[in-house]
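Examining the three-dimensional arrangement
So the chains spell out like this:
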Amino acid sequence: MTAPEAPPAASAAAPAWYRRLHWQVALAMVLGTLAGLAGGEALAAELGWIGQLFIKLLKMVIVPLVLASIISGVASVGGAGLGRLFGKTLGYYLVTSLLAVLTGLVLVNLIRPGAGADLGAAETRQLPDLTVVTSPVDLLLDIVPVNIVDAASEAKMLSIIFFAILAGLSIAGLPPRHRDPLANLAASAFQAMMRLTSGIIRWVAPIGVFSLILTLVGTTGLGSFKALGLYALVLCLGLTFHLFVVLPLVLRFLGRIDPRIHFRNMVQPMCMAFSTSSSGATLPVTIDAVERKVGVSNRVTSFVLPMGATVNMDGTALYECAGVLFIAQVMGVAMGLEQQALIVVTALLASIGAAAVPSAGLVVIFIVLEAVNLTGPQVALIVGAMLAIDRPLDMYRTVVNVFSDSCGAAVIARSEGETEVDTVVRA
Ligand code: ASP
């Protein structure tokens, strides 16, 4: 068993701003945008590989990091503590996702962005081919891996989490002679993976982010960032409200945490979520920041963050609800109270089922659409048009998804007596 390592204290002699990673990443975003505008597709084709390399490096570390993190975390908590953590974590996920869905519901009903909109001439795109699990039984069967090596090679996060929790519990129940070497091995493996993650972030993140943004702007133009009609505006409004009002209130009242400190400690993962559009690829960066800067113990992060990246998606939940209501409005279908309640519940489930990869939210929207019988070629056409403008919205909802996970970790850590969480901004 290992005690969580104390986060480094804020140093008095802080390095110059341009040597700080979050400024470097922010600068990389600006330079990437300018380079994309100037160089267009040609430059994107030349330099796009750097961004792909960066994402591959992050993905490379996910499976060993999550396995080692959960096994060492659970082995040190044991069965009794785990039940309590599990309850708090699930409660947090459900409450914040529900708040996000309700925000979407209220905004789309108030502003009605789809009423009278004509999407007939809109550009459409093909949806990516992602597996969608539709029933809870299928989900359960899907989670239990037949072969953990297969699950790891396909990066099936829920299966890996499931196995790691059981393995950690088994280790915790062993006599000390067997338990301690295994728990120590997992803890050391976790430290090694964290070191690797920090190295990747330190050395590759700025150039990786530069390339990702350059590729996006170079291939689709600035149009993808511009206001995309009322629909995009309403979504942005909802995401902004959740990010800057709801979650800070949760931090303040549930965690007694100053949201300004939490935001500043979380700049890096938020930039990463924005440029990768993937909570999964951002996970190593999130774990790194929440442990080293926010100051949460591995016991809590190992539990809240990997599962949160997969099932707690506030931004996606808001998007599912708002997107379906928008489609109904475009088609002129009135949604009664009962149907709106059904949308709330299925939007919540769809966000849980969405994979932590780009555009997953738009793929699972069909679950919600089917629940309220919105099907057929016209619906497919509207979803195709939504996909054409999805990337910037996806970037923003991924930021919200990642930020909500980090708030969950901070609030739960405080409730477990971790008083050092978010007391200072750490470099
Ligand atoms: N891209 C989002 C994420 O990875 C999921 C979504 O498409 O809503 O969190």
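Keep in mind the model is a prediction, meaning the values are calculated, not measured. (Residues numbered from 1 in each chain as written. Predicted model: local features only at pLDDT ≥ 70, side-chain atom pairs only at ≥ 80, totals over all residues. Heavy atoms only, no water.)

1. Quick look at the site of the ligand
Around the ligand sit 15 residues in total, of which S279, T316, G361, D394 and R397 are the nearest. In the model, a nitrogen atom of the ligand is placed 2.9 Å from a nitrogen or oxygen of the S277 main chain. In this structure, A360 approaches the ligand through a main-chain N or O atom, which is 3.1 Å from an oxygen atom. Isolated, the ligand exposes 270 Å² of accessible area, and the fraction of that covered by the protein chains is 100%. Those elements that provide at least two residues to the shell around the ligand are α13 (360-363) and α16 (390-415). A total of four residues in the shell around the ligand trace back to one element, the largest contributor, which is α16. Taken together, the residues that form the shell around the ligand break down as five nonpolar, eight polar and two charged. (Near = heavy atom within 4 Å. Polar contact = N/O pair within 3.5 Å; in protein donor to acceptor, adjacent residues only side chain to side chain. Areas by Shrake-Rupley, 256 points an atom, 1.4 Å probe, with all protein chains shown as cover. Helix = DSSP H or I, 4+ residues; strand = E, 2+ residues; numbered from the N terminus. Nonpolar A, V, L, I, M, F, W, Y, C, P; charged D, E, K, R; others polar.)

2. Focus: the side chain of R179
Here R179 lies in helix α5 (residues 176-220). According to the relative accessible area criterion, R179 is buried, its value standing at 18%. Looking at R179, its side chain comes within polar contact range of the side chain of D180, at 3.1 Å. (Buried < 20%, exposed > 50% of the residue type's maximum accessible area, 1.4 Å probe, protein only.)

3. Side note on α16
For α16, spanning 26 residues, the distance from its first C-alpha to its last is 37 Å, which sits close to the expected 38 Å at 1.5 Å a residue. Counting buried residues in α16 gives 23 out of 26 residues, a clear majority hidden from the surface. Where α16 ends, the next residue or the one after it, G417, has phi of about 90 degrees, a positive value. (Expected span 1.5 Å × (residues − 1).)

4. So, the pattern of salt bridges
One side chain can pair with another of opposite charge once the charged atoms of both are near each other. Inspection of every chain in the model, using the stated rule, returns seven salt bridges. Residue D288 pairs with R292 through a salt bridge whose shortest N-O separation is 3.1 Å. Placement of the pair is D288 and R292 together in helix α9 (residues 279-294), with a separation of four residues, close to one helical turn. Among the residues examined, D288 registers a relative accessible area of 2% and is labelled buried. When its relative accessible area of 31% is taken as the criterion, R292 is described as partly exposed. (Salt bridge = Lys/Arg side-chain N within 4 Å of Asp/Glu carboxyl O.)

5. A short note on the side chain of D405
One can find D405 in helix α16. Buried within the structure, D405 lacks any salt-bridge partner; its nearest side chain of opposite charge belongs to R397, at an N-O separation of 13 Å. At a separation of 2.9 Å, a polar atom in the side chain of D405 contacts the side chain of N312. Setting aside chain neighbours within four positions, we find D405 in contact with V304, L305, G308, A309 and N312. (Lys, Arg positive; Asp, Glu negative; His and termini not counted. Contact = heavy atoms within 4.5 Å.)

6. Observations regarding helix α4 (residues 157-172)
Over its 16 residues, α4 runs 22 Å from end to end, which matches the ideal 22 Å to within 8%, given 1.5 Å per residue. Within α4 the residues assigned to the buried category are M157, S159, I160, I161, A164, I165, A167, G168, I171 and A172.

7. A word on the nonpolar core
If you look at soluble globular proteins, the nonpolar side chains tend to sit buried side by side. Counting residues in hydrophobic clusters, the biggest one holds 104 residues, and the most contacted among them are I327, L374, M386 and F403. For this core, the element with the highest residue contribution is helix α1 (residues 21-111), accounting for 19 residues. By size, the runner-up hydrophobic cluster in this structure holds 20 residues, among which are M29, I201, L212 and V285. (Core = buried A, V, L, I, M, F, W, Y, C linked by side-chain atoms within 4.5 Å.)

8. Notes on a nonpolar patch on the surface
A grouping of V106, L110, I111, L230, L233 and L237 is seen on the molecular surface, where their side chains present a nonpolar patch of about 550 Å² in accessible area. Of all the secondary structure elements, the ones that give two or more residues to the nonpolar patch are α1 and α6 (229-255). With relative accessibility at 41%, the residue L230 sits in the partly exposed group. (Patch = residues over 30% accessible without salt bridge, like charges linked within 9 Å, V, L, I, M, F, W, Y side chains within 5 Å.)

Bear in mind that shape data such as this cannot, by itself, settle questions of function.
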